[in-house]
Amino acid sequence: MPHARIIERSTMGMICLLKKRLPRSHGVPLVPALLCAGLWFSPVPVRAQANPTRTYEGNIGGRPAELVTLEDYHIGCVSGYLLDEKAGRLMTLEETPQKGGDPLVIDVLDKDGMPFAALSLRSFSIDAGRLKGEWIDLHTRKRMPADFRRTAFFTPDADHAYDAGVLQASGEAPFLFRIHARRAKGEHGGLVDRIDIYDRSTGRHVQTIDHLILSFNGTATLTFADFNGDGHIDFYASRLAIDGNGERRTGARTYYLFDGKQFRNFAPLDALEAKGALAFPKPGWVEVQPMDGTDYDRRVQTWDRYRFVASQRIKFEESEERPF
Amino acid sequence: MRLRYYIALAWTLPGWAAPAAASYAAYTGTIGTERVTLFLDDRNAIVRGVYFYDRYRTPIRLKPAATHSLEGGIDELDADGIPAARLRITFDAVAFNGSWTSYRTGRTLPIHLVRTAYSSYGAEPVPILQAASTDRYYFVIPSVATGDVRAIEVHDKSDGQLVRTLVPASPACDRGIDTVVVEKTHLRLSPGPGCAGATFTLEP
């Protein structure tokens, strides 16, 4: 299945019917590689986690369930996703305004963005440890009870620590991705040290990528697209740089390509990223605008174009100047 | 893509407010072949709305939606507050076009609406249709030109005629389509900071 476009990052929450199939964190220790963080020290401050993220476990109609919500407290909205465990189906919950204490009726969207069900949570409070309500089929109006208990809270507030896993908004990708993130009280910017990957059709755990030092960005920590044009979904994440004083900064992106069996870091793209921001005009093509490639007098920028000549091999094609 | 284009365009036009603005807009037009009247309240980046079929004049509440995500559509709610239909609308300065789709049946009807009144920050009078109604009456705030509610019009659902105008002793809070609360035999306007509440007895 081609995944030619980058799956848009959601600023909403995530609800997942997923319990047994996605094991919890494995407790990987912090690697000494933290010391190496300065190698890609970046002037970019660590990006603020877009929205408070909460995960829940529970059930809908007796089916094991996991709930993750993102809260947009600027305008008072909640949204999310729903993953049906048996179907391996990750569904988006529509961004929905919510006033504290009012019932939350949040639409469940199909892959075309059309609501087909709603999750009605009575007396919804974003801070509640338990959420109860109903799943409502909008076509048949059939209802099933829903019950969730909160399991984790990822907050931008440095007064709170976290150490837990959260699913990623991987769209229609055939795999499910859970990252493990942690942050001690008083720190700014969460650290992602592990990615667990599951086959969506079977729920089977297929890969762990660990000893990572990535910047946490909630359910949008990983960004998905088919970079090399082989029809398989790939992803990238941003590294986390930690200096000697413990200051955290978001570093350059690191890329992982699917080789048919596993996701592997693809160093050539990371190397290009070090030259300048990458763009993927279409699957299989990469453009980089080198940081020193801007001529302000002539108002032109140099762009280097590369092409994947094989799924794991990239080739320089041409440079061109573009006005800006 | 067409929908996305129109919405992007709409943000650039004075006819539809930027997310931070407070605005009201009233529309008339059709869903399928039925005449409808629609009212939208956009404030603090949240859109609330209500409409009725002119034949019945029973307000139907729209599910609040984030202004920036209206491109996906807005729900019509049933009496229990559960989504019953989806309105997908393309915007331009003064008109809406789109579709209405029933979740229950899948039936889709075209929507054509023309704006009849618009107000940003209460600059112009716009009648505000109220979401609450009784079996016999629906309610309209005739103007919020000053930001306060100075009158409530009571209209008969059967013919739309103005039956009575209720005048609170002092201006009430403007709460958009939810200014009027119907409680069995009473109609209530909730008090708030700087504005008084009021209660009126509903005649049978």
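Residues numbered from 1 in each chain as written. Chains lettered and ligands numbered in written order. Predicted model: local features only at pLDDT ≥ 70, side-chain atom pairs only at ≥ 80, totals over all residues. Heavy atoms only, no water.

**A word on the overall build of chain A**
Here is step 1 of the chain: Looking only at helices and strands, one finds 1 helix and 22 strands in chain A.
Here is step 2 of the chain: Looking at chain A residue by residue over its 324 residues, the buried ones come to 54%.
Here is step 3 of the chain: In chain A, 49% of the contacts between residues at least 6 apart in sequence involve partners at least 24 apart.
Here is step 4 of the chain: About 14,400 Å² of surface is accessible on chain A, with carbon and sulfur atoms providing 51% of the total. (Helix = DSSP H or I, 4+ residues; strand = E, 2+ residues; numbered from the N terminus. Buried < 20%, exposed > 50% of the residue type's maximum accessible area, 1.4 Å probe, protein only. Contact = heavy atoms within 4.5 Å. Areas by Shrake-Rupley, 256 points an atom, 1.4 Å probe, with all protein chains shown as cover.)

**Digging into the overall build of chain B**
Here is step 1 of the chain: Broken down by element type, chain B carries 1 helix and 17 strands.
Here is step 2 of the chain: The buried share among the 204 residues of chain B stands at 51%.
Here is step 3 of the chain: Pairs at least 24 residues apart make up 37% of the contacts formed inside chain B by residues separated by at least 6 positions.

**Regarding the environment of T30 of chain B**
Residues and elements named next belong to chain B.
Here is step 1 of the chain: Tracing the backbone through its elements, the reader meets T30 in strand β1 (residues 23-31).
Here is step 2 of the chain: As a C-alpha pair, T30 and V94 span 64 residues in sequence and 15 Å in three-dimensional space.
Here is step 3 of the chain: The contact partners of T30, leaving out residues within four places of it in the chain, are R35, V36, P110, I111, H112 and L113.

**What about the pattern of salt bridges?**
Here is step 1 of the chain: This model, assessed by the stated rule, comprises 29 salt bridges over all chains.
Here is step 2 of the chain: The shortest N-O distance in the salt bridge between R248 of chain A and E187 of chain A comes to 3.1 Å. With R248 of chain A in strand β16 (residues 248-258) and E187 of chain A in the loop between β11 (175-183) and β12 (191-199), the pair connects residues that are 61 residues apart, well separated along the chain.
Here is step 3 of the chain: R248 of chain A sits in the buried class, given a relative accessible area of 12%.
Here is step 4 of the chain: With a relative accessible area of 27%, E187 of chain A lands in the partly exposed category.
Here is step 5 of the chain: In this structure, the salt-bridge partner of R43 of chain B is D41 of chain B, at a minimum N-O distance of 3.3 Å.
Here is step 6 of the chain: Linked by salt bridges that have partners in common, E94 and D107 of chain A together with K63, D75 and R86 of chain B make up one network. (Salt bridge = Lys/Arg side-chain N within 4 Å of Asp/Glu carboxyl O.)

**Overview of the confidence of the model for chain B**
Residue and element names in this part refer to chain B.
Here is step 1 of the chain: Across chain B, the average pLDDT comes to 84, with 85% of residues at or above 70.
Here is step 2 of the chain: The lowest-confidence element of chain B is helix α1 (residues 2-12), averaging 32 in pLDDT; the highest-confidence one is strand β5 (residues 74-77), averaging 96.
Here is step 3 of the chain: The model gives residues 1-20 a pLDDT under 50, and that stretch makes 41 contacts with residues more than four places away or in other chains.
Here is step 4 of the chain: The ipTM, which scores confidence in the relative placement of chains, is 0.84 for this predicted complex, and the corresponding pTM is 0.81. (pLDDT = per-residue confidence, 0-100.)

**Some words on the interface of chain B and chain A**
Here is step 1 of the chain: With 21 residues of chain B at the contact, the number on the chain A side is 18 residues.
Here is step 2 of the chain: In this assembly, chain B and chain A are joined by 4 salt bridges.
Here is step 3 of the chain: In this structure, the salt-bridge partner of K63 of chain B is D107 of chain A, at a minimum N-O distance of 3.2 Å.
Here is step 4 of the chain: The interface formed by chain B and chain A holds 10 residue pairs in polar contact (both at pLDDT 80 or more) in total.
Here is step 5 of the chain: Of all the elements in the fold, those that place two or more residues in the side of chain B that touches chain A are β4 (60-66) and β6 (83-91) of chain B.
Here is step 6 of the chain: A class-by-class count of the residues in the side of chain B that touches chain A yields 9 nonpolar, 5 polar and 7 charged. (Polar contact = N/O pair within 3.5 Å; in protein donor to acceptor, adjacent residues only side chain to side chain. Nonpolar A, V, L, I, M, F, W, Y, C, P; charged D, E, K, R; others polar.)

**Here's the deal with the layout of surface pockets**
Here is step 1 of the chain: The computed volume of the second largest pocket comes to approximately 990 Å³.
Here is step 2 of the chain: In terms of lining residues, the second largest pocket is bounded by 28 residues, among which D102 of chain A together with R61, P64, L77 and D178 of chain B are the most central.
Here is step 3 of the chain: Residue assignment for the lining of the second largest pocket shows that the elements contributing at least two residues are β5 (89-97) and β6 (104-109) of chain A together with β2 (34-43) and β4 of chain B.
Here is step 4 of the chain: Among the elements that line the lining of the second largest pocket, the one with the most residues is β4 of chain B, at 5 residues.
Here is step 5 of the chain: Looking at the lining of the second largest pocket, its residues break down into 11 nonpolar, 5 polar and 12 charged. (1 Å grid on protein atoms, 1.4 Å probe; cavity = no way out; pocket = protein on both sides within 12 Å on 5 of 7 lines; lining within 4 Å. Points joined across faces, edges and corners; volume = space filled by probe spheres on them.)

**Structural notes on empty space enclosed by the protein**
Residues and elements named next belong to chain B.
Here is step 1 of the chain: This structure, assessed with the given rule, holds 5 cavities of 30 Å³ or more.
Here is step 2 of the chain: Volume-wise, the largest cavity comes out at about 80 Å³.
Here is step 3 of the chain: For the largest cavity, the full set of lining residues is L40, V47, L62, L70, G73, I74, L87, R88, I89, F91 and F96.
Here is step 4 of the chain: Ranked by the residues each element gives to the lining of the largest cavity, the list is headed by β6, at 4 residues.

**Regarding the nonpolar core**
Here is step 1 of the chain: By size, the foremost hydrophobic cluster in this structure holds 27 residues, and its most contacted members are F39, L129, F139, I152, L187 and L189 of chain B.
Here is step 2 of the chain: Listing elements by their share of this core, those giving two or more residues are β1, β3 (46-53), β9 (128-133), β10 (137-141), β12 (152-156), β16 (186-189) and β17 (198-201) of chain B.
Here is step 3 of the chain: If you tally residues by element for this core, the top one is β10 of chain B, at 5 residues.
Here is step 4 of the chain: If you look at the next biggest cluster of nonpolar residues, it comprises 26 residues, including V68, A152, I197 and L222 of chain A. (Core = buried A, V, L, I, M, F, W, Y, C linked by side-chain atoms within 4.5 Å.)

**Notes on the sheet that holds strand β13 (residues 162-166) of chain B**
Residue and element names in this part refer to chain B.
Here is step 1 of the chain: Taken together, 4 strands build an open sheet; the order of strands is β9-β10-β12-β13 and the sheet is antiparallel. Two strands lie at the open edges of the sheet, namely β9 and β13, each paired on one side alone. Between one strand and the next, the sheet's axes are offset by a mean angle of 30°, whatever the strand orientation.
Here is step 2 of the chain: Where β12 meets β13, 4 bridges bridge the pair, whose relative direction is antiparallel. Bridge assignment links I152 to a residue of β13, and that residue is L166. (Pairing = 2+ DSSP bridges. Axes fitted to C-alpha atoms, helices over the stretch in contact; angles between N-to-C directions.)

**Re the packing of aromatic side chains**
Here is step 1 of the chain: Counted according to the given criterion, the structure contains 25 aromatic pairs over all chains.
Here is step 2 of the chain: With centroids separated by 5.4 Å and ring planes inclined at 80°, the aromatic side chains of F175 of chain A and F263 of chain A adopt a geometry described as edge-to-face. With a gap of 88 residues between them, F175 of chain A in strand β11 and F263 of chain A in strand β17 (residues 263-265) connect regions that are remote in the sequence.
Here is step 3 of the chain: A relative accessible area of 3% means that F263 of chain A is categorised as buried.
Here is step 4 of the chain: On the basis of an interplanar angle of 70° and a centroid distance of 5.1 Å, the ring pair of F52 of chain B and Y138 of chain B is categorised as edge-to-face. Of this pair, F52 of chain B sits in strand β3 while Y138 of chain B sits in strand β10, and the two are 86 residues apart along the sequence.
Here is step 5 of the chain: Exposure remark for Y138 of chain B: the relative accessible area of 6% places this residue in the buried category.
Here is step 6 of the chain: Here a set of aromatic residues connected by ring pairs shows up, and it is made of F175, F177, F224, F235, Y256, F258 and F263 of chain A.
Here is step 7 of the chain: Above the ring of F324 of chain A, the side-chain terminus of R299 of chain A is found at 5.1 Å from the ring centroid. (Phe/Tyr/Trp six-rings, centres within 6.5 Å; stacked < 30°, edge-to-face > 60°. Lys NZ or Arg CZ within 6 Å of the ring centre and 35° of its normal.)

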